[in-house]
Amino acid sequence: MESVKVAVVAVSQKKDRGWVKVQTLDGKSWSDMGAHFDKEEFGELFCEDGAGLYEIEFKNVANFGENSKFEVVAAKRLFKFSELLKRAEGSR
């Protein structure tokens, strides 16, 4: 599997499995995309100021004939959005 750099714009951990809402960085898709994640494995990574830029490996867990259903297999935070804002403000 190949990892993809995405912007995580929202995180939910209200249910048994977590959920991230993502946007592509390459402009190939502007549709609503998301993926479930195992809260024990990735909950801490996504919980504190979860919005940011990530490198994530996804797998499609949909049954044949269904729309894609993605699940996070591996994830690494590259930057929190708050860090990017500080950098942007410092460059003025």
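Up top you'll find the structure we're talking about.
Sequence order as written defines the numbering, with residues in each chain counted from 1. With the structure being a predicted model, the display of local features is reserved for residues of pLDDT at least 70 and the display and counting of side-chain atom pairs for 80 or more, all residues being used for whole-chain, interface and lining totals. Excluding hydrogens and water, the side-chain figures rest on all heavy atoms present in the structure.

S.K.: Looking at this structure, I do not really get the pairing of strand β1 (residues 3-12). What am I missing?
M.R.: Walk down a regular strand and you will see the side chains alternate between the two sheet faces. As paired elements, β1 and strand β4 (residues 52-60) share six bridges and run antiparallel to each other. Residue pairing across strands places V4 opposite I56, the latter belonging to β4. Here the rule is simple: two strands pair whenever DSSP picks up at least two bridges between them. Going along the chain from the N terminus, every DSSP run of H or I of four or more residues is numbered as a helix, and every run of E of two or more is numbered as a strand. By the bridge criterion, six bridges tie β1 to strand β2 (residues 18-24) in an arrangement that is antiparallel. Within β2, the position partnered with S12 by the bridge is W19. Counting the residues in the hairpin turn of β1 and β2 gives five residues.

S.K.: So what exactly am I meant to see when it comes to the packing of aromatic side chains here?
M.R.: Aromatic rings in a pair are described by how distant their centres are and how their planes are angled relative to each other. Each Phe, Tyr or Trp ring (for Trp, its six-membered ring) is paired with any other whose centre lies within 6.5 Å, and the angle between the two planes then decides the class: stacked below 30 degrees, edge-to-face above 60, tilted in between. Here the structure, examined in full by the defined rule, presents four aromatic pairs. Centre to centre, the rings of F42 and F46 are 6.4 Å apart; their planes meet at 45°, and the pair counts as tilted. With F42 and F46 both in helix α1 (residues 39-47) and four residues apart, this pair spans about one turn of that helix. Neither F42 nor F46 differs from the other in exposure class; each is buried. Accessible area is worked out with a 1.4 Å probe on protein chains only. A residue is then buried under 20% of its type maximum, exposed over 50%, and partly exposed in between.

S.K.: I keep staring at the nonpolar core and nothing clicks. Help me out?
M.R.: Across soluble globular proteins, nonpolar side chains have a tendency to be buried as a group. In this structure, V6, V8, V20, V22, A35, F37, F42, F46, Y54, I56, F58 and V72 together form the largest nonpolar core, which totals twelve residues. Among the elements of the structure, β1, β2, β3 (33-37), α1 and β4 are those that each provide at least two residues to this core. In terms of residue count, the dominant contributor to this core is β4 (three residues). Throughout, a residue-residue contact means that at least one pair of heavy atoms, one from each residue, lies within 4.5 Å. Among residues more than four places away in sequence, those in contact with Y54 are V4, K5, V6, V8, L45, F46, K76, R77 and L78. Joining through side-chain atoms within 4.5 Å is the link that ties buried Ala, Val, Leu, Ile, Met, Phe, Trp, Tyr and Cys residues into a set, and such a set is a nonpolar core.

S.K.: I would appreciate a short explanation of α1 in the present structure.
M.R.: An α-helix turns once every 3.6 residues. As a result, residues three or four positions apart point the same way. Taken together, the buried positions of α1 are F42, G43 and F46. All buried residues of α1 fall inside an arc of 130° around its axis, so they share one side. Residues of α1 that are exposed and point over 90 degrees away from its buried face: E40, E41 and E44. Where the residues of α1 are buried, they touch β1, β2, β3, β4 and β5 (70-80). The definition of a polar contact used here is a pair of N or O atoms within 3.5 Å, where within protein one atom must be able to donate a hydrogen and the other to accept one, and adjacent residues in sequence count solely through side-chain atom pairs. The backbone nitrogen of E40 has a side-chain oxygen 2.8 Å away, supplied by the residue at the start of α1, namely D38. Immediately beyond the C-terminal end of α1, within one or two residues, lies D49, with a positive phi of roughly 50°. In this context, the arc is that of the directions from the helix axis out to the C-beta atoms.

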